[in-house]
Amino acid sequence: MSDRWVAVLAGGLSHEREVSLRSGRRLSAALRETGLTVEEWDADGALLERLRQHRPDAAVVALHGGEGENGAVQSVLEMLGVPYVGTDPRACRRAWDKPTAKGELARAGLSTPDWVVLPHSTFRVLGAQAVLDALVDRLGLPLMLKPDQGGSALGATVVRDAADLPAAMVDCLAYGDTVLAETYVAGVEVAVAVVDTAEGPLALPAVEIQPENGVYDYSARYTAGLTTFHAPARLSPETQRTVGELAVAAHQLLGLRDISRTDAIVTPDGTAHFLEVNVSPGLTETSLLPMAVEAAGRSLGEVFGTLVERALARS
């Protein structure tokens, strides 16, 4: 692998650009430690020409949100014949749209909080207050509101009082045209990374998330000290297996490839409820995937170096 060179794609134009740049820097450093030659490329207007003129042996997508997770960049890489680490475009789209992913898992019999999807136009056509009243009648309170697409908890809010619902809706719609409203499920929040191996998908140790303010929002994710993490999670061996099986099931049912991260809530009875899945998990200093990798006794460079080898073998 020492004669191979890899382009790490980071940045882009989504709301998560700065997080992606941090992920790209950390991943690039980890891959260089394995002996690979690595360049960090921004996913901007110059990317296609750069890929044509200086075609890498493989690319690793470290983009968060937007084109990096909805399959657009992956489609471009496939058009240009560049091997890459990560999920193919079609499966990216299934995972990127949270209601679609929830529906796939619910049909397979897996637990996920009850939900309603409300496009922005619904409020305009049917009347905002009438729609909000119907929402509370249907799902009750508290509610979790989040954009139907996107990551880093941008626009996500827990609503405990109906009076706070209009403002929370406005905040959510600032990050997308459609709101995913879920029944709020209280419990232990965990993230479970899944890595493809020669023997099949492997769940890494679950990471338990304890945000200081009780909600794992954008600040809690990326500000050191606002969240306490436990890797591995403080779960019974049986519950550890349960969340691992849920993450592997999400990975397989949605057709994901190479690496993914499933977010879930474990209720006191030990039930694991699927929240969402990420095809390009964060790799910053406060991100969950590196914690899971370390808890498994591995290094980030080793994991992604092996995935680069898999991408090259596919080509």
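Definitions and limits used
- Residues numbered from 1 in each chain as written.
- Predicted model: local features only at pLDDT ≥ 70, side-chain atom pairs only at ≥ 80, totals over all residues.
- Heavy atoms only, no water.
- Buried < 20%, exposed > 50% of the residue type's maximum accessible area, 1.4 Å probe, protein only.
- Helix = DSSP H or I, 4+ residues; strand = E, 2+ residues; numbered from the N terminus.
- Pairing = 2+ DSSP bridges.
- Contact = heavy atoms within 4.5 Å.
- Phe/Tyr/Trp six-rings, centres within 6.5 Å; stacked < 30°, edge-to-face > 60°.
- Lys NZ or Arg CZ within 6 Å of the ring centre and 35° of its normal.
- Arc of directions from axis to C-beta.
- Core = buried A, V, L, I, M, F, W, Y, C linked by side-chain atoms within 4.5 Å.
- Axes fitted to C-alpha atoms, helices over the stretch in contact; angles between N-to-C directions.
- Polar contact = N/O pair within 3.5 Å; in protein donor to acceptor, adjacent residues only side chain to side chain.

Engineer: Before we move on, can you summarise the pairing of strand β9 (residues 188–197) with the specific residues and values?
Structural biologist: Looking along a regular strand, one sees the side chains alternate between the two faces of the sheet. Buried residues dominate β9, accounting for eight of its 10 residues. In the sheet, β9 pairs with strand β13 (residues 259–266) via eight bridges, with the strands oriented antiparallel. Across the sheet, the residue bridging to Val188 is Val266, located in β13. Of the pairings in the sheet, the one linking β9 to strand β10 (residues 200–203) comprises four bridges and is antiparallel in character. Residue pairing across strands places Val194 opposite Ala203, the latter belonging to β10. Between the end of β9 and the start of β10, which pair antiparallel, lie two residues.

Engineer: Requested: an account of the environment of Phe304, with residues and values cited.
Structural biologist: Examined against the element boundaries, Phe304 turns out to sit in helix α12 (residues 300–314). With 243 residues separating them in the primary sequence, Phe304 and Val61 have C-alpha atoms 11 Å apart. Excluding its chain neighbours within four sequence positions, the residues that come into contact with Phe304 are Leu27, Leu31, Val60, Ile259, Leu283 and Leu289.

Engineer: Provide a residue-level description of the packing of aromatic side chains, including the pertinent values.
Structural biologist: Within this structure, the stated rule accounts for two aromatic pairs. With a centroid separation of 5.6 Å and 65 degrees between ring planes, the pair formed by Trp5 and Trp41 is classed as edge-to-face. Linking Trp5 in strand β1 (residues 5–10) with Trp41 in strand β2 (residues 37–42), this pair joins segments that are 36 residues apart in sequence. Overall, Trp5 belongs to the buried group, its relative accessible area being 18%. Aromatic pair Tyr216 and Phe229: ring centres 6.2 Å apart, planes at 75 degrees, arrangement edge-to-face. Linking Tyr216 in the loop between β11 (207–211) and α9 (218–222) with Phe229 in strand β12 (residues 227–230), this pair joins segments that are 13 residues apart in sequence. Residue Tyr216 is classed as buried on the basis of its relative accessible area, which comes to 7%. One cation-aromatic arrangement involves Arg160 over Tyr184; the distance from NZ or CZ to the ring centre is 5.1 Å.

Engineer: Can you lay out helix α3 (residues 72–80) for me, pointing to particular residues and giving the numbers?
Structural biologist: Those residues of α3 not exposed but buried are Val73, Gln74, Val76 and Leu77. Looking down the long axis of α3, one finds its buried residues gathered within 160 degrees of arc, a one-sided arrangement.

Engineer: Give a detailed account of the environment of Ala43, specifying residues and quantitative values.
Structural biologist: Relative to the helices and strands, Ala43 resides in the loop between β2 and α2 (47–53). Non-local contacts of Ala43, meaning those with residues more than four positions away in its chain, are made with Ala10, Gly12 and Leu63.

Engineer: Could you give an account of the nonpolar core, with specific residues and numbers?
Structural biologist: Membership of the largest hydrophobic core comes to 34 residues, with the highest contact counts inside it found for Leu27, Leu31, Val60, Leu289 and Phe304. The set of elements that each furnish at least two residues to this core consists of β1, α1 (17–32), β3 (58–61), β9, β11, α11 (288–295) and α12. Counting residues per element, this core draws most heavily on α12, at seven residues. If sequence neighbours within four positions are ignored, Val60 has contacts with Val6, Ala7, Val8, Leu9, Leu27, Leu31, Val85, Phe304 and Val308.

Engineer: Outline the sheet that holds strand β8 (residues 178–183), supporting the account with residue identities and numerical values.
Structural biologist: If you walk across this open sheet you meet the four strands as β5-β8-β6-β7, and the pairing is antiparallel. Of all the strands in the sheet, just β5 (115–119) and β7 (157–159) have a single pairing partner and so form its edges. Along the sheet, successive strands turn relative to each other by an average axial angle of 25 degrees, direction set aside. Along the sheet face, helix α5 (residues 98–107) touches β5, β6 (143–147) and β8 and points at about 150 degrees away from the line of β5. Against the sheet, helix α7 (residues 128–139) contacts β5, β6 and β8, and its axis sits at roughly 170 degrees relative to β5.

Engineer: Could you give me a rundown of helix α4 (residues 89–96), with the residues and numbers involved?
Structural biologist: For the α-helix, the turn length of 3.6 residues means that residues three or four positions removed from each other point alike. Residues of α4 that are buried include every one of Pro89, Ala91, Cys92, Ala95 and Trp96, and no others. The buried residues of α4 all sit within an arc of 160 degrees when viewed along its axis, so they share a single face. Residues of α4 that are buried make contact with α3, β4 (84–85), α5 and β14 (272–278). By the N-cap criterion, in which a side-chain oxygen at the helix start approaches the backbone nitrogen of a residue two or three places on, α4 is capped by Asp88, the distance to Arg90 being 3.0 Å.

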